[in-house]
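Commentary on secondary and tertiary structure
Take a look at the letters that make up each chain.
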Amino acid sequence: MTKARILIVHPDTAARTLLRDLLALAGYEAVQEAGSGSDALRLLRRTPIDAIVSDIEFPELDAWRLARLVRSGVLPSAPTTPFIIVASTWCERIAETTAREFGVNALLAFDERQRLPEVLAAELARGGGLYQRSRVLVIEDYPETLNLVKRILDARFDVDLAEDGEIGLRKWREGRHELVLLDVMLPKLSGPEVLDRILAEDPAQPVVIMTANSTLELAEQMMMKGAADFVTKPFRAEELRRVCEIAARREDYLVSNRQFAEKVRHLEDSREAYRKISESHQHLLNHLRTVVLEMDAGGAIRFLNRAWAQLTGFSVDEGLHKPFAAFIAPKEESQGALRRYFQSLLAGEARDCRFELELRSRSGDPLWADCRLVLMVAEDGRKSVSGSLDNITHRKLAESEVERLRLHDSLTGLYNRVFFDARLAELAHRADTWGERHALLVIDLDHFKVINDSVGHHAGDMALQEISRLLAKRLRQDDILCRVGGDEFAVLLADSDVEQAMPIATAIAELIKAHPCRFDDQVFALGSSIGISLIDGSSATSDEYLKRADIALYVAKQRGRNRIRVYDPADRDSDELRASVDWARRLRQALDEGCLELHFQPVLHIASGQIAYYEALARLRLPERLVAPGEFIPALERAGEMPTLDFAVLDEVVAVLAANPELPRIAFNLSAQSFTDARLLPRLEDALEKSGVRPARLIVELTESDSLSDVRASQQVISRLNELGCSFSIDDFGSGFSTFAYLKELPAQSLKLDGSYVRNLASDPVDQALVQAISQVAVALGKATVAEFVEDAAVLDALRRLGIDYAQGYYIGRPQPLAQIAREFKP
C-alpha cells in the first residue's frame, strides 16, 4: 500500500499540506500535489496514478468533471482508479447522488479527514468499484411479459423475476429491492393483496403497478392505497424505463432536504451559523449541473440555482416569481403531467414524484428534463414544493431514435417483426386471460419475385414502400400493420372477429390488385394471398395463432393465389403442410436469432492421404436440441423456403473462409429452388467481393437430378460459377438414367458418386464394375471423382484400386463444429 501513487488536488496550500502529512503518517510516500485543474491534468497525463484525493472546487475544473475524465479512460490511469472527495462544503445526500452520477468512490467532510487513510486503503484494496445498480423485482404471471420487461430494464437495473404473488412477496422480503413492478391480475395471491402486505411492512417501498386498460379502475384504487405509479400494458419500452427510473430514485432529493433541514434545526440558535451553512449549500448548489428550484403552493418559482440559466437559456431573474408552468412546453403531455403531480403533492396523495417533461428553451431547441418534486411543509403549516431538473435531451433524442429503429422496418417505416411478436403475444394473453377476441391477417404478395428478377431489387424495394403506404392508408387507426418478411405483411385487428376481419382482408386484396407497379416502360400487376386466424383464447401461445394464419395462407396459395382463407382445423390439406409451415417459421426464427450452425465433414484426397477440403452441412440449434438437415429440409422444399436456408449457408460459408484463411476449400450443397433463383449469382458475387475470399476456395454442389431438370439453365449458371473461379460438383452422380448422355454438356469439375454404389463396394462386384466405369468416364472427361458413405477401411481400399480421387464418410471423419476442425490447421 505504501508504494501506491496518490494525487491530492486542492486549491488551498495549507489544506494540501494537512492531507499530505496525514497520508505520510499512514505510510504513503509517493504523494503528489496539484492546486488547479490544469496542474492535475498535467500530472495525470504524465504519470499513472493509483488514487485521487480531491476537493470539490478548484481553479479551471471541478471534482465532478475531473472524475468523469478519469472514468472515460482517456488518461493513463485506469478508469477504475479510486476517486475520493474531501470537501469543506458539505451536503451529504446531494453530494452522494452526484457522486453516483460522476463515478466518485467515497466522500468525506474535511473535518473527518482523519478517516482518509482508512477509506483510501479500503478503496485501493477493492480496486475502486463504483456504486451498484438499483434492483428491481418484477411480479408478473405471464412469462413473455416477464422476459420483455427484463430485456427492457436489463441495461440499467438488476432485474429479479417472480411468477406469482407468493414468490414475489418472499423474494421482496429477502432482497428489499429498490423498486417493485407488480401486475394487477395474479393467480393465488392477487396484486392488491401483495401491495397491502408490502406497504404494511415498509410504507416507503416504491411499487409500480402494471395494468391493462380493462383494469385501470383497479390500478387507480391501488394508487390510492400507496402505489408510487402505474404503467399500462402493452407498454412502450421508453415509458417503462422512465417510470422505473422515477420510482427507483424518488428519495434522493427528499433525503437531501431532510439532511439540510436537520442541520438547520441544530443551528437555529445561531443566526450566524445558519447563514454560513446556507451559503455553503448555495455555493454547492450553484456548482451543480442539476437545476434546483423551489415553488410556493401556487406554483410560482421562489428559488433557482445558476444551473437554470445553463439549462434553459433564461436568467435566474427571468425565472424567479414566474409560474413554473410558463417554462413548460405547451403540450398537454408535459403540462398535464406537471399539473397532476403538483396537485397530488399538495393534496397529500404522494410525498414525492419523478417524471420527464419537455421544457421551453430560449433558443427554441428541444429540451427535456428529468423532474423530481418533493412536498415541503413548514412549521406553520405552509406548503411548498422543492425540486430538481436534469438535462436528458440527448438521451431522449437518442432513445427515441433507437426505439424507432428497434421496432420499425428500415425500408418501409412500418412496425417490424420484433414489435409484431410482442404485440401478438399481448393479444394472445388478453384472449386467454379475459376472453377477448382479436384477428390476425398474414399477407403475402403474389408474383412479387417477378419485379426483383426483371428490374432489380431497388425496384422491388420501391414497390414494397408503395404497397406499405397503400395499406397504411386503408387500415383503421387502431389496426397494427407490420412487415414481417421480405414481401410478407401482417395485420393485427384488436377486438375483432372473422366477420369484421373478412371485409378488411377483401379491401386489402382489391387495393393491391387495383394498383399496378410501374417502372420505366414496364407494368407489373401484383396480387395477394391472405391467411386469417382468430385469436380467441383457444391456444395459450401466440406462435400457434401465427402458424394457423400461415397454414391458411399456404392453402390460399395452393388453391390459385390471390385468395383469402380463414384458418379451419378441418382444412389443413395435410399434416405435411402444417409441418412445412412450422419448419419454415422455425427456420426464419433461427436465422433471426443466429441459431444456424454449420458442421464440417472432411473430404480425403486418397492418393496423398491428406484432407483436401470440407463439406459444410447445416444444422438448426433449437432450444431443445440440435436438428440435422434430414429432418427439416424436405419440409422446407415443400414450403418453397429452401433459398432462405441456402443463402444463409452461402453467407456463413464465405464468412468462415474469410475468418480462417488457413482452411482449404469448403463445399456446400444448393437446392434446385436456389440454383434457379435469379438472386443466387449476384448474392454470391457480392459475398466474395466484400469478404475478399478467393472463389477457388468455394465448391458448389447440386444433385444430378436437379442439374438435369433444366440442362440449358444449369449450363448457364455453372458456366458463370466457373467464370468467377468457383468449382462445381454434381452430387449423387449415377442416380439418374440419362447421366452419361448429358455429362459432357455440364461444365462440372467433379462428380460425387451416389452413395448406393459405395456402401457395399467392398463385397458387391456389380457396384465395383459401375464405379470403375464412372471413374474411367470421369478420367476421359478430365473430371475428378468423389465417393461418399465411406464407412470402413475395406471400402476405402476398393476406391483406391478403382481410381477414385476423393473419399468422404464416417471412416474419414464425422461432421464437426468449426472450432474442432480449425484446430487441425492452426499453427
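In the block above lies the structure referred to throughout.
Described in the following lines is the structure provided in the data block.

Rules of the game
- Residues numbered from 1 in each chain as written.
- Predicted model: local features only at pLDDT ≥ 70, side-chain atom pairs only at ≥ 80, totals over all residues.
- Heavy atoms only, no water.
- Disulfide = S-S within 2.5 Å.
- Buried < 20%, exposed > 50% of the residue type's maximum accessible area, 1.4 Å probe, protein only.
- Helix = DSSP H or I, 4+ residues; strand = E, 2+ residues; numbered from the N terminus.
- Pairing = 2+ DSSP bridges.
- Axes fitted to C-alpha atoms, helices over the stretch in contact; angles between N-to-C directions.
- Contact = heavy atoms within 4.5 Å.

What follows is about the state of the cysteines. By the definition in use, this model includes 0 disulfides. Cys353 provides the cysteine sulfur closest to Cys371, a residue in no disulfide bond, and the two sulfurs are 6.7 Å apart.

Here the focus is the pairing of strand S15 (residues 352-358). Extensive coverage of S15 is indicated by the burial of 7 of its 7 residues. Where burial is concerned, the two faces of S15 agree: the one with Asp352, Arg354, Glu356 and Glu358 and the one with Cys353, Phe355 and Leu357 are both buried. One ladder, built from 7 bridges, connects S15 with strand S16 (residues 368-377); its direction is antiparallel. Its bridge partner being in S16, Arg354 is matched across the sheet by Arg372.

Before going further, it helps to examine the sheet that holds strand S17 (residues 383-391). The 5 strands lie next to each other as S14-S13-S17-S16-S15, forming an open sheet whose pairing is antiparallel. In this open sheet, the two edge strands, each paired with only one partner strand, are strand S14 (301-304) and S15. The average angle at which neighbouring strand axes cross in this sheet is 25 degrees, direction not considered. As judged from the 6 bridges shared by strand S13 (residues 291-296) and S17, these two strands associate in the antiparallel manner. Paired with Val292 across the two strands is Ser388, which belongs to S17.

In this section: the sheet that holds strand S9 (residues 158-162). Taken in spatial order, the 5 strands line up as S9-S8-S10-S11-S12 in an open sheet, and their pairing is parallel. Of all the strands in the sheet, the pair left with one neighbour each is S9 and strand S12 (229-233). Here the average twist between neighbouring strands, direction ignored, is 20 degrees. Pairing geometry for strand S11 (residues 207-212) and S12, over 5 bridges, is parallel. Counted as the bridge partner of Thr211 is Thr232 from S12. Against the sheet, helix H8 (residues 191-201) engages strand S8 (135-139), strand S10 (179-183) and S11, with an angle of about 155 degrees to S10.

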